[in-house]
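# Residue-level structural notes
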Amino acid sequence: DRAVEKDASVARRGRGFSVDPSPLNPLKLELGIALLLAPVVWLLAEHYLRLPLPRLLVVLGGYGFAAALWLVIRVRRRLGEIERDGA
């Protein structure tokens, strides 16, 4: 029983890489987008805008804070929807 439970959270092998459907999958996509945009923000701020280090750190910290806040809000909202639908 324990081995079956452990394997339930592991990605399945088959045609490509897939994960079992989850109500949080759209949020995982948003997390991936936020992570992929972080280097773009960094490169734009450092090379295009030529910001000095203190301002660069403020911009990157602001982006990180905004992305984290966005994800926290979205996760809390989605978990509330799941709780309402399940109850």
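It should be noted that the structure appears before, not after, this text.
Thresholds, definitions, all that
Residues numbered from 1 in each chain as written. Predicted model: local features only at pLDDT ≥ 70, side-chain atom pairs only at ≥ 80, totals over all residues. Heavy atoms only, no water. Helix = DSSP H or I, 4+ residues; strand = E, 2+ residues; numbered from the N terminus. Buried < 20%, exposed > 50% of the residue type's maximum accessible area, 1.4 Å probe, protein only. Contact = heavy atoms within 4.5 Å. Areas by Shrake-Rupley, 256 points an atom, 1.4 Å probe, with all protein chains shown as cover. Expected span 1.5 Å × (residues − 1). Salt bridge = Lys/Arg side-chain N within 4 Å of Asp/Glu carboxyl O.

## Examining the overall build of the protein chain
When its secondary structure is counted, the protein chain shows three helices and two strands. Seen in sequence order, the protein chain has helices and strands lined up from the N terminus as α-β-β-α-α. Looking at the protein chain residue by residue over its 87 residues, the buried ones come to 7%. Of the contacts made within the protein chain by residues no fewer than 6 positions apart, 51% connect residues no fewer than 24 positions apart. Accessible area for the protein chain stands at about 7,500 Å²; split by element, carbon and sulfur atoms hold 66% of it.

## Let's talk about helix α2 (residues 25-48)
Residues spaced three or four apart along an α-helix point in a common direction, a consequence of the helix completing one turn every 3.6 residues. Helix length check: α2 (24 residues) gives 34 Å between terminal C-alpha atoms against 34 Å at 1.5 Å per residue, within 8%. For α2, the full list of buried residues reads L27, A34 and A45. Packing partners of the buried residues in α2 comprise α3 (53-86). Backbone geometry just downstream of α2 places R50 in the positive-phi region, at approximately 50°.

## Concerning the pattern of salt bridges
Between side chains of opposite charge, a pair can form when the charged atoms approach closely. Scanning the model with the defined rule gives two salt bridges in all. A salt bridge links R74 to E30, with the shortest nitrogen-to-oxygen separation between them at 2.8 Å. Remark: E30 occurs in helix α2 and R74 occurs in helix α3; sequence separation between them is 44 residues. The partner of R78 in a salt bridge is E81, with the nearest N and O atoms 2.9 Å apart.

## Considering the environment of V59
Positionally, V59 belongs in helix α3. V59 sits in the partly exposed class, given a relative accessible area of 33%. For V59, the contacting residues outside a window of four places in its chain are V41, A45 and L51.

By themselves these figures say nothing about function.
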